[in-house]
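Results of the structural survey
In case you want the letters, here they are:
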Amino acid sequence: MKKIYPSLIAAKLLEAKQEIEKLEQYCAGFHLDVMDNHFVPNLTFGASFVNEVARVTTKQLFVHLMIDNPFEFLDQVKLKKGDILSIQYASMQDIPHMLNAIKKKDLLVSIAINPDISLEKIYPYIKTLDQVVIMSVKAGFSGQSFIPETIKKARALVAYRQEYNLTFDICMDGGINSNNIQELAHLGVDSFVVGSGIFNTPDPLMELHKLNTLIN
Ligand code: DX5
Ligand code: ZN
């Protein structure tokens, strides 16, 4: 079963609880983009908002850190076993130490790579990872256009996983919508983060149903 994670950055934040209640039965969980206005030039929310979301839904949370100090965040956030913590490759100073800290908290370990980072960079850590996020836009903003060259990267990662008999989840994040999701699912991508492709449509619930039908 392929998975969709609506990205709350694109929702009306003051109505986040209602949006979550409306969509939660029909998605794998919710994606939360944490940005610090330093690692990326945009500021969203921090651990206290993520903790509030955790209070109103039992769904899996998929937290995507685009911040300079992921360790600090890890100390402040209260996630549950099996939630996903994804860190941008370029924000980590000591990668094994960081991945180990995530694992110790019983969270799923994920690395996100921007379009300009090659897959080879993450292969040394691949056996520790539960998920790889191929960023299909440059991390920082919702509503950007999908970068078509990232399809090649997804294909290469699917082939690598098969060659080495590995089972990590392959996710794409950025510019995903009803025009491209089916092709990506067919080539072997397992999970999709969708922000504007759900929330910037007239009826987010209908759109989520449509996306689910396209991939499963
Ligand atoms: C971009 C974020 C994405 C974003 C996706 O930096 O990591 O998760 O929310 O939004 P859309 O789907 O609008 O590109
Ligand atoms: Zn994200």
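The preceding data block contains the structure.
Because the structure is predicted, anything quoted here is derived from the model rather than measured. (Residues numbered from 1 in each chain as written. Chains lettered and ligands numbered in written order. Predicted model: local features only at pLDDT ≥ 70, side-chain atom pairs only at ≥ 80, totals over all residues. Heavy atoms only, no water.)

A few points about the pairing of strand β5 (residues 108–113)
We count it as follows: For the exposure calls, accessible area comes from a 1.4 Å probe over protein chains only, and a residue counts as buried if that area is under 20% of its type's maximum, exposed if over 50%, partly exposed in between. Starting at the N terminus, helices and strands are each numbered in turn, a helix being any DSSP run of H or I of at least four residues and a strand any DSSP run of E of at least two. Only strands joined by at least two bridges in the DSSP assignment are considered to pair. A crossover counts as right-handed when, viewed with the strands pointing away from the observer, the path leading from the first strand over the helix to the second turns clockwise.
Here β5 lies mainly inside the structure; 5 of its 6 residues are buried. Two elements, strand β4 (residues 84–88) and β5, share 5 bridges in a ladder whose sense is parallel. Across the sheet, Ile 87 pairs through a bridge with Ile 111, a residue of β5. Handedness of the β4-helix α4 (residues 95–104)-β5 crossover: right-handed. Sheet topology places β5 next to strand β6 (residues 131–135); 4 bridges connect them, and they run parallel. For Ala 112, the partnering residue across the bridge sits in β6 and is Val 133.

Observations concerning the environment of Thr 150
Selection rule: In this analysis, two residues are considered to be in contact whenever any of their non-hydrogen atoms come within 4.5 Å of each other.
By secondary structure assignment, the location of Thr 150 is in helix α5 (residues 150–163). Along the chain, Thr 150 and Met 172 lie 22 residues apart, while their C-alpha atoms are 9.1 Å from each other. Excluding residues within four positions of it along the chain, Thr 150 makes contact with Pro 115, Ile 134, Met 135, Ser 136 and Met 172.

Considering the pattern of salt bridges
As a reminder of what qualifies: Basic side-chain nitrogens of Lys or Arg form a salt bridge, by our definition, when they fall within 4 Å of a carboxyl oxygen of Asp or Glu.
In total, this model carries 6 salt bridges according to the counting rule given. Asp 169 serves as the salt-bridge partner of Lys 3, at 3.7 Å between the closest nitrogen and oxygen. With a gap of 166 residues between them, Lys 3 in strand β1 (residues 3–6) and Asp 169 in strand β7 (residues 169–173) connect regions that are remote in the sequence. Judged by relative accessible area, Lys 3 falls into the partly exposed class, the value being 29%.

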